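Reading the structure
Chain residues, written in single-letter form:
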Amino acid sequence: MKINWGTGIVLAFIGFISFIMYFVINMNINKKYDHDLVAEDYYKLELEFQNDIDKQNNAKTLEQNLSWTKTDEGILIAFPEKLEINSITGKVFLYRPSNKQLDFETPISLSEHTLLIPDKRLLDGRWNIKVDWQYKGNKYLYKKEISY
């Protein structure tokens, strides 16, 4: 059988299209290439963004804002010393950009002006920490990207 230029071009197109279709189907089916949104309820969070800006502005008015330090036991979050610890409520959310199964949320319950996030819940690498807290009716927000 003799293959002329026209047949060769058609076979090259068919081969190229098959090659591209293989990778498109493989990327859609294989769970290794599964890329999720940052949050499932993305649009709801977008509507609440102005509230977060207001909370961050409230935090800037404090004489002393939250701070964190890495210790052998984990991450130690320090609240302002001048505040009464019984009036502080809220949640600490740690978000791992590389693996959403590692994300977790912890309620704030203080016996001193510090909150310890245990080392056993944290892996080395990048974390986004978000502390959404209230003190006597005022709402505050602390956000930071940290490397543990």
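So, here is what we can say about the structure in this document. Predicted model only: the values in this text are computed from it and were never measured.

Attention now moves to a negative patch on the surface. A cluster of acidic side chains, namely Asp 72, Glu 73, Asp 119 and Asp 124, defines a negative patch on the protein surface. By secondary structure assignment, the location of Asp 119 is in the loop between strand E5 (114-118) and strand E6 (126-135).

The next point concerns the pairing of E5. Burial along E5 is one-sided: the face carrying Leu 115 and Ile 117 is buried and the face carrying Thr 114, Leu 116 and Pro 118 is not. Across 5 bridges, the pairing between strand E2 (residues 74-78) and E5 is antiparallel. Within E5, the residue paired with Leu 76 across the bridge is Leu 116.

Turning to helix H1 (residues 5-29), a few remarks are in order. Along an α-helix, a turn takes 3.6 residues, which lines up residues three or four apart on a common side. Look at H1: 36 Å from first C-alpha to last across 25 residues, which is about the 36 Å you get at 1.5 Å a residue. For H1, the N-terminal cap is Asn 4; the gap from its side-chain oxygen to the backbone nitrogen of Gly 6 is 3.3 Å.

Spatially, 3 strands are ordered E1-E2-E5 in an open sheet, and the strand pairing comes out antiparallel. At either margin of the open sheet sits one strand with a lone partner, and together these are strand E1 (67-70) and E5. Ignoring strand direction, the axes of neighbouring strands in this sheet form an average angle of 20 degrees.

Moving on: the packing of aromatic side chains. Applying the stated criterion across every chain, the model contains 5 aromatic pairs. Taking 4.9 Å as the distance between ring centres and 80 degrees as the angle between the ring planes, the aromatic pair formed by Phe 19 and Phe 23 counts as edge-to-face. One end of the pair is Phe 19 and the other is Phe 23, both in helix H1 and 4 residues apart, which spans about a single turn. When its relative accessible area of 47% is taken as the criterion, Phe 19 is described as partly exposed. You can call Phe 23 partly exposed: its relative accessible area is 38%. Residues Phe 79 and Trp 133 carry aromatic rings whose centres are separated by 5.5 Å and whose planes lie at 80 degrees to one another, so their mutual orientation is edge-to-face. On the criterion of sequence distance, the pair formed by Phe 79 in the loop between E2 and strand E3 (88-95) and Trp 133 in strand E6 is long-range, its members being 54 residues apart. Look at Trp 133 and you get buried, because its relative accessible area is 0%. Ring pairs connect the aromatic residues Phe 19, Tyr 22 and Phe 23, which therefore count as one cluster. Residue placement shows Arg 121 over the ring face of Phe 104; its charged tip is 3.9 Å from the ring centre.

Calculation notes
Residues numbered from 1 in each chain as written. Predicted model: local features only at pLDDT ≥ 70, side-chain atom pairs only at ≥ 80, totals over all residues. Heavy atoms only, no water. Patch = residues over 30% accessible without salt bridge, like charges linked within 9 Å, V, L, I, M, F, W, Y side chains within 5 Å. Areas by Shrake-Rupley, 256 points an atom, 1.4 Å probe, with all protein chains shown as cover. Salt bridge = Lys/Arg side-chain N within 4 Å of Asp/Glu carboxyl O. Lys, Arg positive; Asp, Glu negative; His and termini not counted. Charge placed at Lys NZ, Arg CZ, Asp CG, Glu CD. Helix = DSSP H or I, 4+ residues; strand = E, 2+ residues; numbered from the N terminus. Buried < 20%, exposed > 50% of the residue type's maximum accessible area, 1.4 Å probe, protein only. Pairing = 2+ DSSP bridges. Expected span 1.5 Å × (residues − 1). Polar contact = N/O pair within 3.5 Å; in protein donor to acceptor, adjacent residues only side chain to side chain. Axes fitted to C-alpha atoms, helices over the stretch in contact; angles between N-to-C directions. Phe/Tyr/Trp six-rings, centres within 6.5 Å; stacked < 30°, edge-to-face > 60°. Lys NZ or Arg CZ within 6 Å of the ring centre and 35° of its normal.

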